[in-house]
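# Summary of structural features
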Amino acid sequence: MKTRTVHKPYKKLDISAVRRIGFSFFAVILIGSFLLNLPMSHVVHSSSSYLDHLFVATSATCVTGLVTHVTCQEYTQIGQIIIILLIQIGGLGFLTLLSMLYVVFKRKLSYANKIVMQEALNRTSLKDMGIYIKRVFKYTATFEGVGAICLMFSFVPKFGISKGIYYSIFHSISAFCNAGFDILGANSLMNYVGDLWVNLVICGLIIAGGLGFVVWIDLRLSLIHYREHFKYFKLKKYLESLSLHTKIVLISSFVLIFGGMAVIFCLEFNNPQTLQPLSLPQKILASFFQSVTLRTAGFATIDMAALHQSTKFFMSVAMFIGGSPAGTAGGVKTVTIVITLLYVRALMRGDDNIHVFKRTIDDQIVKRALTILIVSFTITVVGLFVLSVSENAEFIDLVFEVFSAFATVGLTAGITPNLTVVGKVIIIIMMYIGRIGPITMVLLFVKKYNSRKGKDVNFVKEHILIG
């Protein structure tokens, strides 16, 4: 009797899924750059080269926000619409949008497509993939729609009905996708540094996109389940019912946002070019906004170039951490940092396993976290080294630029427009790797591990000296 193995087809399918994700982003960037290069997309006397349009297309698709020219001055309304479409596609992922069309038209997703979507959306199983995609679409439409309506209360009175609505939709999509693109001028949102309403709406959209769809779905389903089984609502019981992932994301995001706000407030309090001219409430609001935008959004209400060096360094670290998995944010992700810190704590305490909230973290999750952290840091260091050779700028500004690009944040200390050809290419590569890297790199390592699982040869162990 012959036996049949079923491992090879699955392995081939998984590798194909990873390649399709990476290629989909590359294809969207390429098409977007050609569209932006068309005469109808940019102003008549544009000084931008194709490389500049490729740079902007990459920045938009990778939801970064770095630009070589001011968006509203360089691109026509058609070009701006192309940019916002690239942001929407890049924020959710082209394959996600394609699968949404399958679901909308009630076409069944094939097993191959489900595998791809599992990888693209960072899910752990194929269960209810169609339902999950519908929820992603509904949450996206809801947040962006509500955000646009809220921004209209500020933009319509100032810019008129048609322009105010257009601006509201553009910035709502840009904020929720954590893109950081704006069409208000060369100063981002600096003119709104004291506008409480605009600040809170933009921050709310950034946080909503940065937390990840998994968290919002878990919050909603847990609330429904709680109401069905308990007569009276108790916040403590409700929070305890949330998944471990949601708990880690919420706590880490809270600490990073308000901790970052406190650090920025203290470091920039007496800086005459940033916070000093503002009133105390405005200083608090500006510090909060800057801390939130470090969750890879890229908007700014104060001049990044005027920040103290210590602030730029702190913000670079915060940008590298980024937002949370399965959302629109970039960076190595909050959960990755938390798992790494918990691993260090376990080693120092002599624990064999990592425990948090009465749960044990699987060893494979720890390996993924360490892989993401080490590989990501290595890439940023290499990129920084190349920029330090090719660019004539302060080293701290180069650090700020590289971490901003890799984490798909979009903040700059003012050196982006002055980048050389080599510098632009490096930043393009950094943005692309930063957008797909945390997905594809981990999957490549995981697939290789799974394919060799149980086949490794065990040799005699020998101790070496470290540290």
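This one's a predicted model, so the numbers in the text were calculated from it and none came from an experiment.

### Re the overall build of the chain
Helix and strand content of the chain: 18 helices and 2 strands. Within the chain, contacts between residues at least 6 apart in sequence are counted, and of these 70% link residues at least 24 apart. Counting only carbon and sulfur atoms, one obtains 66% of the accessible surface of the chain, whose full area is about 23,700 Å².

### Examining the confidence of the model for the chain
Per-residue pLDDT for the chain averages 84, and the proportion of residues at 70 or more is 84%. pLDDT under 50 marks residues 1–15. Its contacts with residues more than four places away, or in other chains, come to 8 contacts.

### Notes on helix H15 (residues 334–349)
Look at H15: 23 Å from first C-alpha to last across 16 residues, which is about the 22 Å you get at 1.5 Å a residue. Buried within H15 are the following residues: Thr334, Val335, Thr336, Ile337, Ile339, Thr340, Leu342 and Ala346. Close packing links the buried residues of H15 with helix H12 (244–268), helix H14 (309–321), strand S1 (354–356), strand S2 (359–361) and helix H16 (363–390). With its phi angle positive at about 80°, Gly350 sits one or two positions after the end of H15.

### Focus on unusual backbone geometry
Residues other than glycine seldom take positive phi values, yet Ser188 does so here, at roughly 55°. Structurally, the position occupied by Ser188 is in the loop between helix H8 (161–176) and helix H9 (196–211). Of note in the backbone geometry, Thr408 takes a positive phi value of approximately 50° without being a glycine. Its place among the elements puts Thr408 in the loop between helix H17 (395–406) and helix H18 (421–452).

### Focus: the packing of helix H2 (residues 50–61) against helix H4 (residues 77–92)
Running from N to C, H2 and H4 point in directions that differ by 45°, and their axes come no closer than 7 Å. What the angle tells us is that H2 and H4 run oblique. Contacts between H2 and H4 pair Val56, Ala57, Ala60 and Thr61 from the former with Ile83, Leu86, Ile87, Gly90 and Gly91 from the latter. Per-class residue counts for the contact of H2 with H4 are 6 nonpolar, 3 polar and no charged.

### What to know about the packing of aromatic side chains
Counting across every chain of the model gives 16 aromatic pairs. For the pair Phe320 and Phe403, a centre-to-centre distance of 5.5 Å together with 70° between the ring planes defines the contact as edge-to-face. Here Phe403 lies in helix H17 and Phe320 lies in helix H14, a separation of 83 residues in the sequence. This pair shows no difference in class: Phe320 is buried, exactly as Phe403 is.

### Overview of H8
Under the 1.5 Å per step criterion, the end-to-end length of H8 is 22 Å for 16 residues, consistent within 8% with the ideal 22 Å. All buried positions along H8 are accounted for by Gly164, Tyr166, Tyr167, Ser168, Phe170, His171, Ser172, Ile173, Ser174, Ala175 and Phe176. Positive phi appears at Asn178, one or two residues downstream of H8, with a value of about 60°.

### Things to note about the nonpolar core
The biggest cluster of nonpolar side chains holds 93 residues, and the ones touching the most others in it are Ile87, Phe181, Ile202 and Leu411. Setting aside anything within four residues of it in sequence, one finds Ile87 in contact with Ala60, Val63, Ile173, Ser174, Cys177, Ala179 and Phe181. Val215, Leu242, Ile248 and Ile339 belong to the second-largest nonpolar core, a separate cluster that totals 17 residues.

### Observations regarding the environment of Tyr50
Following the sequence through the fold, Tyr50 ends up in helix H2. Given the relative accessible area of 30%, Tyr50 is considered partly exposed. A C-alpha to C-alpha distance of 6.2 Å links Tyr50 and Asn37, two positions 13 residues apart in sequence. Ignoring any residue separated from it by four or fewer positions in sequence, one finds Tyr50 in contact with Leu30, Ser33, Phe34 and Asn37.

### What about the pattern of salt bridges?
Counted according to the given criterion, the structure contains 3 salt bridges. Residue Asp52 is joined to Lys424 by a salt bridge in which the shortest nitrogen-to-oxygen separation is 2.7 Å. Of this pair, Asp52 sits in helix H2 while Lys424 sits in helix H18, placing them 372 residues apart in sequence. Residue Asp52 is classed as buried on the basis of its relative accessible area of 3%. Close ionic contact of Lys312 with Asp397 constitutes a salt bridge, the shortest N to O distance being 2.7 Å. Remark: Asp397 occurs in helix H17 and Lys312 occurs in helix H14; sequence separation between them is 85 residues. The pair Lys312 / Asp397 is uniform in exposure class, with both members buried.

### Brief notes about the packing of H12 against helix H13 (residues 280–293)
In contact at an axis separation of 8 Å, H12 and H13 are set at 130° when each is read in the N-to-C sense. In terms of axis orientation, H12 runs oblique to H13. The handedness of the crossing between H12 and H13 comes out as right-handed. Between H12 and H13, the residues in contact are Leu256, Ile257, Phe258, Gly260, Met261, Ile264 and Phe265 and Leu280, Lys283, Ile284, Ser287, Phe288, Gln290, Ser291 and Val292, respectively.

### Description of the environment of Ser154
Along the chain, Ser154 falls in helix H7 (residues 129–159). Along the backbone, Ser154 and Gly164 are 10 residues apart, and their C-alpha atoms lie at a distance of 8.2 Å. In this structure Ser154 touches Tyr192, Asp195, Trp197 and Val198, once residues within four positions along its chain are discounted.

### Focus: the side chain of Ser188
Taking the relative accessible area as the measure of exposure, Ser188 reaches 14% and is therefore buried. Setting aside its immediate chain neighbours within four residues, Ser188 contacts Asp182, Phe299 and Ala300.

### Let's talk about the environment of Tyr166
Residue placement: Tyr166 occurs in helix H8. Along the primary structure Tyr166 and Phe155 are separated by 11 residues, whereas in three dimensions their C-alpha atoms are 9.1 Å apart.

What counts, and where the lines are drawn
Residues numbered from 1 in each chain as written. Predicted model: local features only at pLDDT ≥ 70, side-chain atom pairs only at ≥ 80, totals over all residues. Heavy atoms only, no water. Helix = DSSP H or I, 4+ residues; strand = E, 2+ residues; numbered from the N terminus. Contact = heavy atoms within 4.5 Å. Areas by Shrake-Rupley, 256 points an atom, 1.4 Å probe, with all protein chains shown as cover. pLDDT = per-residue confidence, 0-100. Expected span 1.5 Å × (residues − 1). Buried < 20%, exposed > 50% of the residue type's maximum accessible area, 1.4 Å probe, protein only. Axes fitted to C-alpha atoms, helices over the stretch in contact; angles between N-to-C directions. Parallel < 35°, antiparallel > 145°, perpendicular 65-115°, else oblique. Nonpolar A, V, L, I, M, F, W, Y, C, P; charged D, E, K, R; others polar. Phe/Tyr/Trp six-rings, centres within 6.5 Å; stacked < 30°, edge-to-face > 60°. Core = buried A, V, L, I, M, F, W, Y, C linked by side-chain atoms within 4.5 Å. Salt bridge = Lys/Arg side-chain N within 4 Å of Asp/Glu carboxyl O. Left-handed = near helix turned anticlockwise from the far one by under 90°.

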